[in-house]
Amino acid sequence: MATTPENLRDQVVTAFGATPDPRMRELLTTLAKHLHDFAIETNLTVEEWLGGIEFLTAVGKMSDEKRQECVLLSDVFGLSALVDFLNGPQDQDATENALLGPFYVSDAPLMENGDSIVQQHEGEPVRLEGRVTGKGGEPLPGAQIEIWQIAANGQYDGQDPDMVENNMRGRFRTDDEGRYWLVTNRPFGYSVPTDGPVGRLLDVLGRDPMRAAHIHLRVSADGYQPLVTQMYDADCDYLETDVVFGVRESLITPLEDDGDGGFIARFNVRLAPAG
Ligand SMILES: [Fe+2]
């Protein structure tokens, strides 16, 4: 039988189909099929294939525990957002999830409602408040809110060796009525790193490297699925063009002027019941 691109693809898919683990077999055969179809459909040249190999090599060389260029590549392709979406709460009434990002830490200091997470680098003050409820609207007392965001100097505490530990980071518990309230800075859009191969890709695409202004939250309560999400500032220029495709409409929150040089943001969270 003469080899054609299609029967070469089918041979590879069949060979990969010998993988004993069923899930691994599904992943690898589907990946091989789509990879071959991509090359067939675009009539990929040797130069282009080599260019792709060189690009992936550069991405790998720039990836370690501090600089995650591989994750960034997944992010700008929207793959991280897609996987997050596919694995989010299936419950229509629950608050939507959003990307965890690379700067979560699980042991942020426990603070009192009303405390400020701003230890260093003051920005525009925001009182963030809301209620944590179950899907029926029942308040969840003692729910845990973990919050983290970029500091006014444009760095997360994990990025800046000169920053006070746990700056712009805290852990809160809801009161008897499921309420939480705290003080932070108004978030702002920031650029993902552009000095590596993914930055060159964004250049080729003509894409803005900016993330929409956001505050990260992780909310958990006994008997409910933990939620990782982001609150997006409604008055941000990058909501439509967020470089990692992370914005969900239901998470966009208006910041109201408090008449005293600051802002108030209300962000309620509805958790889906555990499994
Ligand atoms: Fe972030």
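Residue indices begin from 1 for each chain and proceed along its sequence in written order. Totals for whole chains, interfaces and linings use all residues, but because this is a predicted model, local features are given only for residues with pLDDT of at least 70 and pairs of side-chain atoms are given and counted only at 80 or more. By convention in this description, side-chain values take in all heavy atoms of the structure and omit both hydrogens and water.

A. Focus on the domain arrangement of the protein. Partitioning the protein into structural domains gives domain 1 (1-44) and domain 2 (81-271). Start and end points for every domain follow an automatic or database-based domain assignment. Distance from the C-alpha centre of domain 1 to the C-alpha centre of domain 2: 41 Å.

B. Layout of the sheet that holds strand 2 (residues 144-148). The rule for pairing is simple: two strands pair if DSSP sees at least two bridges between them. The numbering of helices and of strands both runs from the N terminus, where a helix is a DSSP run of H or I of at least 4 residues and a strand a run of E of at least 2. Here five strands make up an open sheet; going across it, the order is 3-2-7-8-9 and the pairing mixed. Looking at strand neighbours, the two that pair on one side only are strand 3 (169-173) and strand 9 (252-253), the edges of this open sheet. Direction of pairing for strand 8 (residues 227-233) relative to strand 9: parallel, over a ladder of two bridges. Note on strand 9: the bridge partner recorded for Asp233 is Thr253.

C. Up close: the environment of Asp115. Mapped onto the elements, Asp115 comes out in the loop between helix 5 (79-86) and strand 1 (125-134). Three labels apply to residues, based on accessible area from a 1.4 Å probe with only protein chains included: buried if under 20% of the type maximum, exposed if over 50%, partly exposed otherwise in between. For Asp115, a relative accessible area of 31% puts it in the partly exposed group. As a C-alpha pair, Asp115 and Arg127 span 12 residues in sequence and 9.8 Å in three-dimensional space. Looking at Asp115, its side chain comes within polar contact range of the main-chain nitrogen of Glu112, at 2.9 Å. Two N or O atoms form a polar contact when they lie within 3.5 Å of each other; inside protein one atom must be a possible hydrogen donor and the other a possible acceptor, and for residues adjacent in sequence the pair counts only when both atoms belong to side chains.

D. Molecular detail of the coordination of the iron ion. Donor atoms are limited to N, O and S found within 2.8 Å of the metal ion, a distance that becomes 3.2 Å for Na, K and Ca. With water left out, some sites might look partial. Donor atoms from the polypeptide that coordinate the iron ion comprise Tyr156 (OH), Tyr190 (OH), His214 (NE2) and His216 (NE2), at 2.0 to 2.5 Å from the metal. Taken together, the four donor atoms coordinating the iron ion and their angles of 90 to 169 degrees define a geometry best described as irregular. Considered as a linear motif, the donors of the iron ion on their single chain read Y-x33-Y-x23-H-x1-H. Highlighted residues: Tyr190 in strand 5 (residues 190-191) and His216 in strand 7 (residues 214-220), separated in sequence by 26 residues. Donor angles set the geometry label: tetrahedral for four donors if every angle is between 85 and 135 degrees, square planar for four and octahedral for six if opposite donors exceed 155 degrees and the others are between 65 and 115, irregular for anything else.

E. Spotlight on unusual backbone geometry. Notably, Asn43 is not glycine yet its phi reads approximately 50 degrees, a positive angle. Its location among the elements puts Asn43 in the loop between helix 2 (22-42) and helix 3 (46-61). Phi angles above zero are rare outside glycine, and Phe245 is one such case at about 55 degrees. Summarising the element assignment, Phe245 is placed in the loop between strand 8 and strand 9. Residue classification places Phe245 among the partly exposed residues on the basis of a relative accessible area of 44%.

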